[in-house]
Amino acid sequence: MPHTNALYGPLDPAPDAGYENPPPRMGFFTDTSVCIGCKACEVACKEWNGVPESGLDLLGMSYDNTGALTANSWRHVAFVEQPRSAGWATPAFAGDPDGPAISPVTAAVGARTSTDTGTDPGLDTGSPAAAARMSGGPEFLGMPGAQPPGRGTGEEGRTDFRWLMMSDVCKHCTHAACLDVCPTGSLFRTEFGTVVVQEDICNGCGYCISACPYGVIDQRKDDGRAWKCTLCYDRLGAGMTPACAQACPTESIQYGPLDELRERAAARVETLHERGVPEARLYGHDPNDGVGGDGAFFLLLDEPEVYGLPPDPIVTTRDLPKMWKRAGLAAVTMALATAVAFLGRRR
Amino acid sequence: MTDETPSNEPVGARFREFQAGLDQPDGQRHRKPRRKGGDGEQLTVPPAEFASYYGRPVLKPPVWKYDIAGYLFTGGLAAGGALIGAGAQLTGRPGLRTVGRWTALGGVAASTYLLVHDLGRPSRFHHMLRVAKVTSPMSVGTWILAAFGPLAGVAAVAELAPLLPQHGVLGLARRIAPPIGTVAGLAAAATAPALATYTGVLLADTAVPSWHDAYPSLPFVFAGSALAAASGVGLIAAPAAETAPLRRLVLAAAAIELGGGHRLERQGLTSEPYTQGRSGRLVKAGRALLAVGTATALVSRRSRVLSVLSGAALVASSVATRFGVFEAGRVSARDPKYTVVPQRERLAESRSTTPV
């Protein structure tokens, strides 16, 4: 007897898939507030899982040259550059010494107080007028600027600015549309509650790719099959941490039992709110959302769509019973129409 | 590698392409500066502004090639053919029966080829037969085809019985073929409505916005389109004396397709691809051809030429509709607007109705 929430609503996926006494559901909590965009997760994932290279290209999307989660990128670090402050509501560079290095007054004073070096060439020590003139800023002498770039000029063009970085990954949904629609049984639910593709079964029908509400799973062009994050199923079985979480230098990617991660995430959001980051919010943590909660969820600093995530994904199979009913109605209509057409007059 | 770019393109090609298509210099916000609330004014028209990640799609566009659009047509044609074959068989119209049965076999053979050809690993097509899952319309469709295909094949091959010699082993085959064909033809017709309509669920059970939102309409559009296409083939190929039911069937097909499909344009933002661009033109062409074909069929009783013309229009209508619907889905998956804006509206609605 299938669970009443088999297609939609809160559910523990591993027992629902038929595992008896499964281990706790494992997942990722990706805290983007501490992500530094180093892409160690992308590299570690490729190294461990033997994922082919994604091609070398410059996309013009900040430091993101991966572009999206694809068959050949199972972790993707998004970079968002935003003209707004980092949450503390103070203007950029406020209080920072961003004026010229020295003022004419201090330069003039300095020129007078220096000791004689006993050298002839160059400017005589103790000529305050020249020192004051030089300290006023660079005089263009056909040479590169005498000041560091941006110092002394361009102040008016400066804006508040922040950088959002986020390591995206397969969400390992509670109600995984990819798994529901797979016609070969290639996609399966593991005892850890994650969703994995069996590459020896997949025949590349592509249904999972259209079904995923996050645009995660993808077809590898030269191979034809569908590929995505396995949450390092092979490492999990051996009691190890997935490669990306292991490689993350800031613990932005945290791996563990999902219940524990959800508690940790709630505490982290509270801390951030206290410290004056009101825009911190969780994404994919709620078992009552459209996919029954994600196995890999996130702490974001802006709306999900800014990071390329759908704001309110709903598993497509929620509506499947209604769809089959409509198809049944259409099929009956079709049969009746044919019967009526043939039962009519002879000519 | 992302889907657009073959690996041998020069470095920076995607960047240049991206720059060319950029509508905002900062790349993130497709959003006009919005006045902060405070004047208490409510916006009456929901603004179609949204944020995205560099304008990139949220979803992966379907990787299905035009094989699948073609299959939507051939599968429907096969189902319609089987129904017409069975109707003709039961009402004593041997010429129409033969046309119906061969249409069914031709359609299902083409469908099988197209479906296997579309797979990323065609040699593994039989992996579809490992499981049977009602949550996977493709699995359900596989089993419908597995039942329908052999039945349609037997029914069509039984039509060859008169070509066999009168005596000997083949003579025996000649005598038993027609009753076997009758049973197989009726059994194929019994599965045919499922074959024609499950494809609506196949497309709707995806995250593709324009397909999913159209789930109440698609099975009816496809049912009507299937009957229209098969009737079209009948009007072209069957003896004129036996095509009277086809004219009534065409009228019913048009009513089912247009009646069931009028909601395609009324499902909010995600109906845009059904009305605009290439996909919109295909859908409109399908409707126009259906209207023309139906009208012509109704007045073509005495004219062989008009019958053939109306049949051709009906077949073309089905092809245009299938490719139009297929293309509309691909368009809606490629533009983040169709993913983000409806979901935002849904969130705003649920927030306004449930107290926080």
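Residues numbered from 1 in each chain as written. Chains lettered and ligands numbered in written order. Predicted model: local features only at pLDDT ≥ 70, side-chain atom pairs only at ≥ 80, totals over all residues.

**Student:** Just checking my understanding: could you explain the overall build of chain A for this structure?
**Tutor:** Helix and strand content of chain A: ten helices and ten strands. Here chain A, with 347 residues, has 44% of them falling under the buried criterion. By sequence separation, contacts in chain A at least 24 residues apart represent 65% of the contacts at least 6 residues apart. (Helix = DSSP H or I, 4+ residues; strand = E, 2+ residues; numbered from the N terminus. Buried ≥ 20, exposed ≤ 12 C-beta atoms within 10 Å, placed from the backbone. Contact = placed C-beta atoms within 7 Å.)

**Student:** Looking at this model, I keep getting lost on the packing of helix H3 (residues 94-118) of chain B against helix H7 (residues 218-237) of chain B. Mind explaining?
**Tutor:** Packed helix pairs are specified by the crossing angle of their axes together with the interaxial distance, meaning the distance between the axes. Residue and element names in this part refer to chain B. Closest axis-to-axis distance for the H3/H7 pair is 10 Å, and the angle between their directions is 130°. With respect to H7, the element H3 is oriented oblique. Note on packing geometry: the crossing formed by H3 with H7 is right-handed. Seen from H3, the contacting residues are Leu 96, Val 99, Gly 100 and Thr 103; seen from H7, they are Ala 230, Val 233, Gly 234 and Ala 237. Its residues placed into classes, the contact of H3 with H7 shows five nonpolar, three polar and no charged. (Axes fitted to C-alpha atoms, helices over the stretch in contact; angles between N-to-C directions. Parallel < 35°, antiparallel > 145°, perpendicular 65-115°, else oblique. Left-handed = near helix turned anticlockwise from the far one by under 90°. Nonpolar A, V, L, I, M, F, W, Y, C, P; charged D, E, K, R; others polar.)

**Student:** So what exactly am I meant to see when it comes to the pairing of strand S2 (residues 75-82) of chain A here?
**Tutor:** Moving residue by residue along a regular strand, the side chains alternate between the two faces of the sheet. Residue and element names in this part refer to chain A. For S2, a buried count of six out of eight residues is recorded, marking the element as mostly surrounded by other parts of the structure. Relative to strand S3 (residues 162-169), S2 is paired through eight bridges, and the arrangement is antiparallel. The partner of Val 77 across the bridge, within S3, is Ser 167. (Pairing = 2+ DSSP bridges.)

**Student:** Any chance you could explain the interface of chain A and chain B here in plain terms?
**Tutor:** Interface extent is often summarised as the accessible area lost during association of the parts. Taken together, the contact between chain A and chain B spans 71 residues of the former and 77 residues of the latter. When contributions to the side of chain A that touches chain B are tallied by element, the ones reaching two or more residues are S2, helix H5 (177-181), helix H6 (207-211), strand S6 (218-219) and helix H10 (320-343) of chain A. Among the residues making up the side of chain A that touches chain B, the classes are represented as 35 nonpolar, 22 polar and 14 charged.

**Student:** Explanation requested: the sheet that holds strand S1 (residues 26-31) of chain A in the structure shown.
**Tutor:** Sheets are built from strands that pair by backbone hydrogen bonding, the pairs being arranged parallel or antiparallel. All names here are of chain A. With mixed pairing, four strands are arranged side by side in an open sheet as S8-S1-S10-S9. Only two strands of the sheet have a single partner each, and these edge strands are strand S8 (253-257) and strand S9 (281-283). The mean angle between the axes of side-by-side strands here comes to 25°, regardless of whether they run parallel or antiparallel. One ladder, built from three bridges, connects S9 with strand S10 (residues 296-300); its direction is antiparallel. Bridge pairing in S10 places Leu 282 opposite Leu 299. Against the sheet, helix H9 (residues 258-274) contacts S1, S8, S9 and S10, and its axis sits at roughly 135° relative to S8.

**Student:** Is there a simple way to explain helix H10 (residues 277-299) of chain B in this structure?
**Tutor:** Each full turn of the α-helix corresponds to 3.6 residues, which orients residues three or four apart in the same direction. Residue and element names in this part refer to chain B. Its 23 residues give H10 an end-to-end C-alpha distance of 33 Å, which sits within 8% of 33 Å, the value for a rise of 1.5 Å per residue. Among the residues of H10, Ser 279, Leu 282, Val 283, Gly 286, Arg 287, Leu 289, Leu 290, Gly 293, Thr 294, Thr 296 and Ala 297 are the ones counted as buried. Buried residues in H10 make contact with H7, helix H8 (244-261), helix H9 (272-275) and helix H11 (304-334). (Expected span 1.5 Å × (residues − 1).)

**Student:** Would you take a moment to explain helix H2 (residues 40-49) of chain A for this structure?
**Tutor:** Residue and element names in this part refer to chain A. Among all positions in H2, only Ala 40, Cys 41, Glu 42, Ala 44 and Cys 45 are buried. Those residues of H2 hidden inside the fold are in contact with S2, S3, helix H8 (243-247) and S8. Just downstream of H2 lies Gly 50, where phi reads positive at about 65°.

**Student:** Honestly, the pairing of S1 of chain A in this entry has me stumped. Any pointers?
**Tutor:** Residue and element names in this part refer to chain A. S1 sits mainly inside the fold: six of its six residues count as buried. Burial along S1 is two-sided: Met 26, Phe 28 and Thr 30 facing one way and Gly 27, Phe 29 and Asp 31 facing the other are all buried. Of the strand pairs in this sheet, S1 and S8 are connected by five bridges, and their pairing is antiparallel. Its bridge partner being in S8, Met 26 is matched across the sheet by Pro 257. With four bridges connecting them, S1 and S10 associate as parallel partners. Residue pairing for S10: Phe 29 is matched across the bridge by Phe 297.

**Student:** Looking at this structure, how should I read the nonpolar core?
**Tutor:** Note that soluble globular proteins tend to have their nonpolar side chains buried in a common cluster. Grouped together as the largest cluster of nonpolar side chains are 178 residues, with contacts concentrated most on Cys 178 and Cys 208 of chain A together with Ala 152 of chain B. If you tally residues by element for this core, the top one is helix H2 (residues 66-90) of chain B, at 13 residues. (Core = buried A, V, L, I, M, F, W, Y, C linked by C-beta atoms within 7 Å.)

**Student:** Could you clarify how one ought to interpret the environment of Thr 32 of chain A in this entry?
**Tutor:** Residues and elements named next belong to chain A. When you line up the elements, Thr 32 lands in the loop between S1 and H2. Residues Thr 32 and Met 165, 133 residues apart in the sequence, show an inter-C-alpha distance of 6.2 Å. Those residues within four positions of Thr 32 in sequence are excluded, and the remaining contacts are Leu 164, Met 165, Met 166, Ser 252, Phe 298, Leu 299, Leu 300 and Leu 301.

**Student:** Where do I start with the packing of H3 of chain B against helix H4 (residues 137-158) of chain B in this structure?
**Tutor:** All names here are of chain B. Between H3 and H4, the least distance of the axes is 8 Å, while the angle of their chain directions is 140°. Classified by the interaxial angle, the pair formed by H3 and H4 is oblique. Of the two possible hands of crossing, H3 and H4 adopt the one that is left-handed. Contact with H3, carried on its side by Arg 101, Trp 102, Ala 104, Leu 105, Val 108, Ser 111 and Thr 112, involves Leu 145, Phe 148, Gly 149, Ala 152, Gly 153, Ala 155 and Ala 156 of H4 and no other residues of that element. Across the contact of H3 with H4, the residue classes tally to nine nonpolar, four polar and one charged.

**Student:** Where do I start with the environment of Tyr 53 of chain B in this structure?
**Tutor:** Assignment of secondary structure puts Tyr 53 of chain B in the loop between strand S2 (50-51) and H2. For the pair Tyr 53 of chain B and Pro 336 of chain B, spaced 283 residues apart in sequence, the C-alpha separation works out to 8.9 Å. Residues within four places of Tyr 53 of chain B in sequence aside, it is in contact with Ala 78, Val 306, Tyr 307 and Gly 308 of chain A.

**Student:** So what exactly am I meant to see when it comes to the confidence of the model for chain B here?
**Tutor:** For any part of a model where pLDDT is low, the fine detail of the predicted coordinates should not be relied upon. All names here are of chain B. With 86% of its residues at a pLDDT of 70 or more, chain B shows a mean pLDDT of 88. Within the model, pLDDT remains below 50 along residues 1-7, and this stretch shows 13 contacts once partners closer than five positions in the same chain are excluded. Ignoring residues within four places in sequence, the model shows residues 22-47, a span with pLDDT below 50, making 22 contacts including any to other chains. Listed scores for the predicted complex are pTM 0.84 and ipTM 0.87. (pLDDT = per-residue confidence, 0-100.)

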